[in-house]
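Descriptive structure summary
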Amino acid sequence: MTPEEVGRQFRFDGTMEEHDRYGNGHINDTYLVVCRKEDGSTLRYILQRVHRSIFKDPDGLMENIRKVTSYLSEKIRQAGGDPMRETMNLIPTLSGGNFIREESGDIWRAYTFIENATCFDQVEKPEDFYQSAYAFGKFQNLLADFDASSLTETIVDFHNTPVRFQNFKAAVEADAVGRVKEAEEEIRFCMDREQDMGVCINMFKNGELPLRVTHNDTKLNNVMIDNATGKGLCVIDLDTVMPGLSINDFGDSIRFGANTAAEDETDLSKVSLSLSLFETYAKGFLEGCGGKLTEQELRMLPMGAKMMTLECGMRFLTDHLEGDVYFKIHRPGHNLDRARCQFALVADMEKKMDEMNRIIERVIMTA
Ligand code: ADP
Ligand code: GN1
Ligand code: MG
């Protein structure tokens, strides 16, 4: 179905006039829709196609989002906030559901567009990074009493790094599109770190790290910063909200935002971990979490950063070896470039592990 055909099936206020591709996400097909109301004014919405091949249980996925957004709405209302701006709001369909299913199994959903707020693709000001950290920490904090068992695991083993490692090895073995040869160095980089893969998940299995309701995809462009106040306003992209580890939410933000280069930078001399941004984020995240993290979680935050970067690099590399079937790419070899960049960052994090640990100690002391 075309976005116009789909758009007609949602309860938009006004008539759909325009739609354009929007945003820089790697997963969904996102459109910005403009509707004209009878009085001549316009309203904007986000319309998204969610792929069946990635999210295999669309009903479960949308039910998660419905439950989490209504829970957050209530919490925000109680705190005197504005639920229309501080959380995502699904638009119902004409038949009263919250998504449209195509024959292919792909689904479409719509949200109100959050106006006068920005999603950044790179840190422009440390203050924005601090605000994003606070927002992600607070998101976890607000969901601390949410019944995690009522959530579907929308992508099974999403941050199960040993399983990701197995998938990676299978992709190397299969060499489906003949790209193993050109990626030998990157493959070796992962193989050399086999011992690391289970560190976080084993601590969870041993009861050393608690399971929480987490976002699981905490990159900077999944949070909106209010243009007027400069504050972190709304956490978006809720497809992977499910039980997970707090250190992974922390770590994925560091992977993306504390890199001195873009996620797909090809000049690897520009890639490094900014310790100053690491500290900025740690302060914001701990404040947002409101003192709820355990000592072990705090201690493992630097490891979370390294493991999320290694896991993500391995996922990009796996996708490259499988023929770019998962992440959207914008040029040939894009996933390999992304993987190389992540591995350069992992190598720098390994050098800076002691400094990261010292920073966490300092942030705890001053919290
Ligand atoms: P993906 O899973 O592909 O990353 P997202 O849900 O993150 O998809 O959406 C892609 C982009 O669309 C976001 O980075 C953001 O810029 C924009 N976006 C998504 N939802 C909204 C919204 N409700 N209001 C304003 N912008 C939005
Ligand atoms: C994807 O959806 P988006 O672009 O915010 C991916 C994340 C990766 C990220 C890498 C559902 O995030 O897990 O860390 O790309 N999301 C999914 O940039 O796989
Ligand atoms: Mg996104």
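Residues numbered from 1 in each chain as written. Chains lettered and ligands numbered in written order. Predicted model: local features only at pLDDT ≥ 70, side-chain atom pairs only at ≥ 80, totals over all residues. Heavy atoms only, no water.

1. What to know about the coordination of the magnesium ion (ligand 3)
Rule in force here: Coordinating donors are taken as N, O and S atoms within 2.8 Å of the metal, stretched to 3.2 Å for Na, K and Ca; because water is absent from the atoms, sites can appear incomplete. For helices the rule is a DSSP run of H or I covering at least 4 residues; for strands it is a run of E covering at least 2, with both sets numbered from the N terminus onward. Residue exposure (1.4 Å probe, protein chains only): buried if accessible area is under 20% of the type maximum, exposed if over 50%, otherwise partly exposed.
Summarising the metal site, the magnesium ion (ligand 3) is bound by the protein donors Asn222 (OD1) and Asp237 (OD), whose distances to it range over 2.2 Å. Taken together, the residues asparagine 222 in the loop between strand S7 (212–214) and strand S8 (223–226) and aspartate 237 in the loop between strand S9 (232–235) and strand S10 (242–244) connect sequence positions 15 residues apart. Classification of aspartate 237 by relative accessible area gives partly exposed; the value is 24%.

2. Re the site of ligand 2
Spelled out, the test is: We call a residue near a molecule or strand when any one of its heavy atoms sits within 4 Å of it. For this analysis, a polar contact is any N or O atom pair within 3.5 Å, provided that within protein one partner can donate a hydrogen and the other can accept it, and provided that sequence-adjacent residues contribute only side-chain to side-chain pairs. Accessible surface area values rest on a Shrake-Rupley calculation with a 1.4 Å probe, where residue burial reflects the displayed protein chains alone. By the convention adopted, Pro, Cys, Tyr, Trp, Phe, Met, Ile, Leu, Val and Ala count as nonpolar, Lys, Arg, Asp and Glu as charged, and the other residues, Gly among them, as polar. Where each domain starts and ends follows an automatic or database-derived domain assignment.
Around ligand 2 sit 18 residues in total, of which His26, Lys219, Glu263, Arg315 and Tyr326 are the nearest. At 2.7 Å from an oxygen atom of ligand 2 is found a main-chain nitrogen or oxygen belonging to histidine 26. The contact in question runs from an oxygen atom of ligand 2 to an N or O atom on the side chain of asparagine 222, over 3.0 Å. Here ligand 2 has 440 Å² of accessible area as a free molecule, and 98% of this is covered by the chains. The dominant element in the shell around ligand 2, judged by the number of residues it contributes, is helix H10 (residues 295–322), at three residues. Taken together, the residues of the shell around ligand 2 sort by class into seven nonpolar, four polar and seven charged. Formed jointly, the shell around ligand 2 draws a minimum of three residues from each of two domains, domain 1 (3–115) and domain 2 (126–366).

3. Here we look at the packing of helix H8 (residues 246–257) against helix H9 (residues 275–289)
The following threshold applies: Fitting a line to C-alpha atoms yields each axis, with helices limited to the stretch in contact; the angle taken between N-to-C directions then spans 0 to 180 degrees. In this scheme, a crossing is called left-handed if the near helix is turned counterclockwise away from the far one by less than a right angle; it is called right-handed if the turn is clockwise. In what follows, residue pairs with any heavy atoms lying within 4.5 Å of each other are defined as contacts.
At a minimum axis separation of 10 Å, H8 and H9 run at an interaxial angle of 145 degrees. Note that H8 runs across H9; the crossing there is right-handed. Packed against H8, whose contacting residues are Ser246, Asp249, Phe250, Ser253, Ile254 and Gly257, the element H9 presents Leu277, Phe278, Tyr281, Ala282 and Phe285 at the interface. Among the residues forming the contact of H8 with H9, the class breakdown is seven nonpolar, three polar and one charged.

4. Considering the pattern of salt bridges
What counts, and what does not: The rule for a salt bridge is simple: a side-chain nitrogen of Lys or Arg has to be within 4 Å of a carboxyl oxygen of Asp or Glu.
Tallied over the entire structure, the rule returns 29 salt bridges. The salt bridge involving arginine 340 is made with glutamate 186; its shortest N-O contact spans 2.8 Å. In this pair, arginine 340 sits in helix H11 (residues 334–351) while glutamate 186 sits in helix H6 (residues 184–191), placing the two residues 154 residues apart along the sequence. The shortest N-O distance in the salt bridge between arginine 193 and glutamate 350 comes to 2.8 Å. With arginine 193 in the loop between H6 and helix H7 (199–205) and glutamate 350 in helix H11, the pair connects residues that are 157 residues apart, well separated along the chain. We classify arginine 193 as buried; its relative accessible area is 15%. Classification of glutamate 350 by relative accessible area gives partly exposed; the value is 28%. The network of salt bridges with shared partners includes Arg21, Asp29, Arg49, Glu102 and Lys328.

5. Thoughts on the nonpolar core
For the record, the criterion: We define the nonpolar core as a collection of buried residues of types Ala, Val, Leu, Ile, Met, Phe, Trp, Tyr and Cys that are connected through side-chain atoms lying within 4.5 Å of one another.
Counting 97 residues, the largest nonpolar core has Phe168, Phe250, Ile254, Phe285, Leu317 and Leu321 as its most contacted members. The biggest single contributor to this core is H10, with 12 residues. Mapped onto the domain boundaries, this core takes at least three residues apiece from domain 1 (3–115) and domain 2 (126–366). Once residues lying within four places of it in the same chain are set aside, the contact partners of isoleucine 254 are Asn259, Leu273, Phe278, Tyr281, Ala305 and Met349. With 12 residues, the next largest nonpolar core counts Tyr31, Val33, Cys35 and Ile100 among its residues.

6. Observations concerning the side chain of lysine 219
Quick note on the threshold: Within this scheme the basic residues Lys and Arg register as positive and the acidic residues Asp and Glu register as negative, but His and the chain ends are omitted.
Within the secondary structure layout, lysine 219 lies in the loop between S7 and S8. Buried within the structure, lysine 219 lacks any salt-bridge partner; glutamate 263 is the closest side chain of opposite charge, at an N-O distance of 4.3 Å.

7. Focus on the state of the cysteines
Using the following cut-off: By convention in this document, the label disulfide applies to cysteine sulfur atom pairs within 2.5 Å.
All chains considered together, the criterion is met by zero disulfides. We note that cysteine 119 lacks a disulfide partner, and the nearest cysteine sulfur, in cysteine 234, lies 8.8 Å from it. Relative accessible area serves as the criterion here: at 1%, cysteine 234 is assigned to the buried category.

8. Looking at the site of ligand 1
Around ligand 1, a shell composed of 19 residues is seen, among which Asn28, Gln48, Ile114, Asn221 and Asp237 lie nearest. One of the backbone N or O atoms of isoleucine 114 is found 2.9 Å from a nitrogen atom in ligand 1. In isolation ligand 1 has 560 Å² of accessible area, and contact with the protein removes 96% of it. There are two domains that each give the shell around ligand 1 at least three residues, and those are domain 1 (3–115) and domain 2 (126–366).

9. Focus: the sheet that holds strand S4 (residues 100–101)
Our working rule: Any two strands with at least two DSSP-identified bridges between them are counted as paired.
As summarised here, the arrangement of the five strands in space is S1-S2-S3-S5-S4, forming an open sheet in which the pairing is antiparallel. The sheet is open, and its two edges are formed by strand S1 (15–21) and S4, each paired on a single side. Bridging between S4 and strand S5 (residues 107–112) involves two bridges; their strand directions are antiparallel. Residue arginine 101 lies in a different strand from S5, and its bridge partner there is isoleucine 107. Relative to the sheet, helix H2 (residues 58–78) contacts strand S3 (42–50), S4 and S5, its axis offset from that of S5 by approximately 10 degrees.

10. Structural notes on the packing of H6 against H10
Keep this limit in mind: These descriptions rest on fixed angle ranges, namely under 35 degrees for roughly parallel, over 145 for roughly antiparallel, 65 to 115 for roughly perpendicular, and the rest for oblique.
At a minimum axis distance of 11 Å, the contact between H6 and H10 shows a crossing angle of 140 degrees. The orientation of H6 relative to H10 falls into the category oblique. Our pair here, H6 against H10, has a crossing hand that is left-handed. Contact residues: H6 offers Glu186, Ile187, Phe189 and Cys190, while H10 offers Leu310, Met314, Leu317 and Leu321. Residue composition of the contact of H6 with H10, grouped by class: seven nonpolar, no polar and one charged.

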